[in-house]
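# Residue-level structural notes
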Amino acid sequence: MKLNSIGLSASKSKVVSDDLNKLLANFQRYYQNLRGIHWNIRGKRFFDLHVKFEELYTDANIKVDEIAERILTLGGVPYHTFEDYISNAKVPVGKNISKDEEAIRLIVDSLQELLIIERAILETSAEASDEGTNAMMSDFITEQEKTVWMMKAWLAEEI
């Protein structure tokens, strides 16, 4: 078995890297959605939501960088074109969303899609003995589950 420079199977790392690229594409769309709702939110909850959406897109931007750097660490090349993002993202597109409930619903739907991808990566990274990716996914999942719970509480929906 050929090992990469961090001691993992090169072929298994390629699979993890490919999966991380799919996550990267989805995070880029999620990030853009958050920017859009941050810019376009209207109504009585504007001040609270405007700040919250900025907090979320700042966090998403950091995660995009972490994902790309992990792909590089594994020996891959991170997606970096809109074409790659569009063709690989499953997160819903939010366009011209200005109503509070519609914006929060977009966040919940997006995070649910990200969680599915991240849990699949957990399995792949475990098979590759890739603790670095596994730890990253675990951290993302823990944080995003809490955000889903909070957003669903805001929507007055059950988890």
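Everything discussed here concerns the structure shown above.
Here we summarise the structure given alongside this text. Keep in mind it's a predicted model, so treat the numbers as computed, not measured. (Residues numbered from 1 in each chain as written. Predicted model: local features only at pLDDT ≥ 70, side-chain atom pairs only at ≥ 80, totals over all residues. Heavy atoms only, no water.)

Here we take up the overall build of the protein. Counting its regular elements, the protein contains five helices and zero strands. Listing every helix and strand of the protein by position from the N terminus yields α-α-α-α-α. Summarising its shape, the C-alpha atoms of the protein cover approximately 60 × 30 × 20 Å along the three principal directions. For the protein, with 159 residues in total, the buried portion stands at 46%. Put simply, 74% of the contacts in the protein that link residues at least 6 apart link residues at least 24 apart. Just so you have it, the protein exposes about 8,900 Å², and 53% of that area is on carbon and sulfur atoms. Charge separation in the protein, taken as the distance between the mean sites of 19 positive and 26 negative side-chain charges, equals 4 Å. (Helix = DSSP H or I, 4+ residues; strand = E, 2+ residues; numbered from the N terminus. Buried < 20%, exposed > 50% of the residue type's maximum accessible area, 1.4 Å probe, protein only. Contact = heavy atoms within 4.5 Å. Areas by Shrake-Rupley, 256 points an atom, 1.4 Å probe, with all protein chains shown as cover. Lys, Arg positive; Asp, Glu negative; His and termini not counted. Charge placed at Lys NZ, Arg CZ, Asp CG, Glu CD.)

This brings us to unusual backbone geometry. Positive phi, close to 55°, is recorded for Asn-96, a residue that is not glycine. Of note, Asn-96 is situated in the loop between helix 3 (82-88) and helix 4 (100-127). What makes Asn-96 exposed here is its relative accessible area of 64%. The backbone of Ser-129 shows a phi angle near 55°, a positive value even though the residue is not glycine. Turning to its location among the elements, Ser-129 is positioned in the loop between helix 4 and helix 5 (131-154).

Our focus in this paragraph is the nonpolar core. Leu-20, Leu-23, Phe-27, Tyr-30, Phe-53, Ile-67 and Ile-107 are the most contacted members of the largest nonpolar core, which totals 41 residues. At the level of elements, helix 1 (10-40), helix 2 (46-73), helix 4 and helix 5 are the ones that each hand at least two residues to this core. In terms of residue count, the dominant contributor to this core is helix 4 (ten residues). The contact partners of Phe-27, leaving out residues within four places of it in the chain, are Ala-60, Lys-63, Val-64, Ile-67, Leu-114, Glu-118, Phe-140 and Gln-144. (Core = buried A, V, L, I, M, F, W, Y, C linked by side-chain atoms within 4.5 Å.)

Going through the model one piece at a time under the given rule, you end up with ten salt bridges. Residues Lys-14 and Asp-18 are paired through a salt bridge, measuring 3.0 Å at the closest nitrogen-oxygen approach. A residue pair is termed a helical-turn pair when its members lie 3 or 4 positions apart in one helix, as Lys-14 and Asp-18 do in helix 1 at four residues. One connected set of salt bridges, linked through shared partners, spans Arg-105, Asp-109, Lys-152 and Glu-157. (Salt bridge = Lys/Arg side-chain N within 4 Å of Asp/Glu carboxyl O.)

Summarising the element assignment, Asn-33 is placed in helix 1. Look past the residues within four positions of Asn-33 in its chain and what remains in contact with it is Val-91, Pro-92, Val-93, Gly-94, Leu-106 and Ser-110.

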